[in-house]
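Each chain, letter by letter, is given below.
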There are 2 protein chains.
Amino acid sequence: MLDRHPTAAARLSEIVAAITDNRSTPAAEIEAARRRIAESDGEVGAFLRLAPQESLAEAAASGGPLAGVTVGVKDIYDTRDMTTEHGSPIYRGHRPVVDASLVSMARVAGAAILGKTTTTEFASLDPTPTRNPHDLDHTPGGSSSGSAAAVAAGMVPLAFGSQTGGSVIRPASYCGVAGFKPSFRLLPTMGMKTFSYTLDTAGLFAATAQDLALAARLITGRYFGGETLTDGNGLRIGVYRSAVDDEVEAEMQGAVTEAARLLDRAGAAIVTVEEPAALSTARTCHTTIQGFEAAMALSGEYRRHREQLGEKLGAILDHGATIEPAEYDDARRTARIGRKAASALFETVDVLIAPSALGPAPRGLTSTGDALVNKLWTLTGNPVVNVPGLVSGGGLPLGVSVIARFGKDALALEVASLLQALIAAPLDVRT
Amino acid sequence: MLDRHPTAAARLSEIVAAITDNRSTPAAEIEAARRRIAESDGEVGAFLRLAPQESLAEAAASGGPLAGVTVGVKDIYDTRDMTTEHGSPIYRGHRPVVDASLVSMARVAGAAILGKTTTTEFASLDPTPTRNPHDLDHTPGGSSSGSAAAVAAGMVPLAFGSQTGGSVIRPASYCGVAGFKPSFRLLPTMGMKTFSYTLDTAGLFAATAQDLALAARLITGRYFGGETLTDGNGLRIGVYRSAVDDEVEAEMQGAVTEAARLLDRAGAAIVTVEEPAALSTARTCHTTIQGFEAAMALSGEYRRHREQLGEKLGAILDHGATIEPAEYDDARRTARIGRKAASALFETVDVLIAPSALGPAPRGLTSTGDALVNKLWTLTGNPVVNVPGLVSGGGLPLGVSVIARFGKDALALEVASLLQALIAAPLDVRT
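It should be emphasised that the depicted structure is a prediction, and the values quoted were computed from it without experimental measurement.

Peer 1: What's the story with helix α7 (residues 209-220) of chain B in this structure? I'm lost.
Peer 2: An α-helical turn contains 3.6 residues, so a residue and the one three or four places further along point in the same direction. All names here are of chain B. Between its first and last C-alpha atoms α7 spans 17 Å; for 12 residues at 1.5 Å apiece the expected length is 16 Å, and the two agree. The element α7 is extensively covered by neighbouring structure, given that 10 of its 12 residues are classed as buried. Every buried residue belonging to α7 is among Ala209, Asp211, Leu212, Ala213, Leu214, Ala215, Ala216, Leu218, Ile219 and Thr220, and all of these are buried. Backbone geometry just downstream of α7 places Gly221 in the positive-phi region, at approximately 75°.

Peer 1: Explain the side chain of Ser183 of chain B here, please?
Peer 2: Residue and element names in this part refer to chain B. Relative to the helices and strands, Ser183 resides in the loop between β5 (178-181) and β6 (201-206). From its side chain, Ser183 meets the backbone nitrogen of Gly407 in a polar contact 2.8 Å long. Ser183 has contacts with Thr201, Gly381, Asn382, Pro383, Phe406, Gly407, Lys408 and Asp409, leaving out every residue within four places of it along the chain.

Peer 1: Quick question: what am I supposed to make of the packing of aromatic side chains here?
Peer 2: The relation between two aromatic rings is expressed through the spacing of the ring centres and the mutual angle of the planes. Residues and elements named next belong to chain B. Applying the stated criterion across every chain yields a total of 10 aromatic pairs over all chains. Each ring, one from Phe180 and one from Phe224, has its centre 5.8 Å from the other, and the planes form 80°; the classification is edge-to-face. You can see Phe180 sitting in strand β5 and its partner Phe224 sitting in the loop between α7 and β7 (236-241), a full 44 residues away along the chain. The two residues Phe180 and Phe224 agree in class, both being buried.

Peer 1: When you look at unusual backbone geometry in this model, what are you seeing that I'm missing?
Peer 2: Trans peptide bonds make up the majority, and among non-glycine residues the majority have a negative phi. Cis peptide bonds are those with omega within 30 degrees of zero, and the linkage from Gly142 of chain A to Ser143 of chain A qualifies with 0°. Within the secondary structure, Ser143 of chain A is located in the loop between β3 (112-117) and α5 (145-152). Even without glycine at this site, Ala123 of chain B takes up a positive phi of about 60°. A residue is classified by how much of its surface remains accessible, and Ala123 of chain B, at 10% relative accessible area, is buried.

Peer 1: Is there a simple way to explain the sheet that holds strand β9 (residues 351-355) of chain A in this structure?
Peer 2: Across a sheet, paired strands are connected by hydrogen bonds in the backbone, their directions being either parallel or antiparallel. Residue and element names in this part refer to chain A. Spatially, 11 strands are ordered β1-β3-β2-β4-β6-β5-β10-β11-β9-β7-β8 in an open sheet, and the strand pairing comes out mixed. Looking along the sheet, the strands with just one partner apiece sit at the ends: β1 (47-50) and β8 (269-274). The average angle at which neighbouring strand axes cross in this sheet is 30°, direction not considered. Across the sheet, helix α14 (residues 409-424) is in contact with β5 (178-181), β7 (236-241), β9, β10 (384-391) and β11 (397-404); its angle to β10 comes to roughly 5°.

Procedures and definitions
- The written sequence of each chain sets the order in which its residues are numbered from 1.
- Lettering of chains starts at A and numbering of ligands starts at 1, both following the order in which they are written.
- Owing to the predicted nature of the model, reporting of local features is limited to residues with pLDDT of at least 70; listing and counting of side-chain atom pairs is limited to 80 or more, with chain, interface and lining totals taken over all residues.
- Hydrogen atoms and water are omitted, and side-chain values are computed over all heavy atoms in the structure.
- Strands here mean DSSP runs of E at least two residues long; helices mean DSSP runs of H or I at least four residues long; both are numbered from the N terminus.
- In this analysis, the expected span of each helix is defined as 1.5 Å times one less than the number of residues it contains.
- Relative accessibility under 20% of the residue-type maximum defines a buried residue, over 50% an exposed one, and the middle range a partly exposed one, all with a 1.4 Å probe and only protein chains included.
- Each polar contact in these results corresponds to two N or O atoms within 3.5 Å; when the atoms are within protein, one needs to be able to donate a hydrogen and the other to accept it, and residues that are neighboring in sequence are counted only if both atoms are side-chain atoms.
- Working rule for contacts: check all heavy atoms of both residues, and any pair within 4.5 Å makes them a contact.
- Any two of the Phe, Tyr and Trp rings considered here, Trp counted by its six-membered ring, make a pair once their centres fall within 6.5 Å; the pair's planes then place it as stacked at under 30 degrees, edge-to-face at over 60, or tilted in between.
- Here a strand pair is declared whenever DSSP counts at least two bridges between the two strands.
- Every axis in this analysis is a line fitted to C-alpha atoms, fitted for helices over the stretch in contact. Angles between the N-to-C directions lie between 0 and 180 degrees.

Structure, rendered in structure tokens:
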């Protein structure tokens, strides 16, 4: 599995530094990534197709701060040089006219869009054949299955995903990589297939939280943190106790406890934050909002191609079509109240920590796992970073979420970087 | 001009009633619309292309509450059976895989999507060759030029447009038709080309405000009003005095005064509402928000096809690329404050009335006119209905906007229906 891939990608920030210092070239990085994919992707199945030679030659020749950084792009993002199929036979062979905004902006910054990664059908629940690089018998999670697995297997240092329920944070947790679901609409979603327009959020995968911050800044020109926290002094961190904690497996609860212990030892003040009723109620509205919006968003596919839709998606859309506007409007009102309650939480803490999934990646490829602990923060639009590094007794990754106030993405990424460093530092772990 | 088209479309609500009562058939309505287009569109130029015969046959055979209603669709909405070019050579011959959500939902309701109407390039400012049916030497307005003109010339009883600045309400005013810019995101925008994702709003054109309410309800299943107000008793209506009123031509100011007089005579209480500073400030943020978002939304087109972009759009995107994220974030904060101030206005009045444009349609086809009086309400997301019926000394239409609180679309449409009836009733007008 992972340890069988000694040629894993260097970290994104190391590649950027190596190009800057003329210790590497974009062409060499692109070639190395292609070799890694040729070596590893046969058993993982993260990539659907690779960019044509002329695109890669163009990327190799282009400058820009992300030159030499190869990117895997979830196949719900339009790419002008590769077909974009949204995980659906309805779009077989579909070739968009232009790139999605995030793809185009990454190219402007010099990145090499190396290929398209697997997605569940329309970023919903029907799984892909992609396997978890940590144990091929386990799901990598979804819906951004290929992007999480590609980074986990060391094929590329950066990948694009999206989250409507838990499709960035959960696969990041299962695959043991850093994942970033930014504040709602902070990264552009134009040219990304819509499932639910008040929930869909563009997100990123990389090896570390620091790499995520660097990539997001170089793509958007926006500050995403960078201050290196060397300890937790002055930080007030809440351990979030939610109404669904009973569903969380003991090992995952242990991971959050361990994260709290490490942060406490590093000087942070740790407090317990109980979920307010407004947020446990808001969580229950996710299904209604998602279903109602998906029924509109995929109206064309549902009307003309119902028989080509997967079983789980078909059921979501069948149900979505029965939701009355008044029920949707009520759910949106409840979500709005939840959003205010979420902001209020950050009056007393800087960030929250919480499980990134119910447990390690489930065995089998028939389900991509459960987004129960993720979907609240998608609904409220708060930034979330998955911090990798802790493992289950069975050797599978366990991710911890760092959640910040809406718009405080830089803070979430900085605390996540600190936590990731604390987990990685041998002296602090397992003492 | 208009009076040379004796075969103008029946009103949408009359067609729906005629089909229900078996006094007409969908096939007959579709055939009649095709005849009207063949007769009138040579000089108007509202339609770019018509649906293939098999689509119209399918629509003729389908049931549904909108059966027999023919629709013109602005060419920034995806249609699976007609190319969709966004007014740009970059998309020449582009055929989407599925329909835009609004198009698909209209088909589900039984409507016949008759053809695609002209749009300025990417719904921006570079004009189309479409002419104003009231005077062919004048612009129909933009960006929804073809949709407004098609309804004004009586070719179709319903057309789809979109508004990012003033692209529904202004052309509706210039062309003398009812136009509806709903509350932000109330009609779905999936499959509509994005220009500015916090501003783009799907909208409708029809002969009357009542027709707009009926069409919106039958497409979405949502209540959009229907109560027929026979007088203004109990209504409190504000005449909105904005910081840009100096720019409004005297004839248009007279139209608003006339509307207020009619509503007053009908029993409504009329008050003057002065624009709060938060809203005059918010108006000035529109350009920054639109430019920053458009630069991301059209990043792919700008990067690969800069030389194929029109002059005005090119300038918007050149400028958009220079806007710093912090400047955009400031503008969004100012818009948010404006949105709250807009809500507060409706604590004391039910609706506001205001000019729908600076004056009648300007002469010439080199500009689509100015959105100065419209863009504030696009920014705040409030529902706006253009009420037609008043005319300038030169015989050109002058539209009056009815503006309601966010989410109170039904109220806006009901008051607009009342005002339209008051304008049309011979005894009340011009006394």
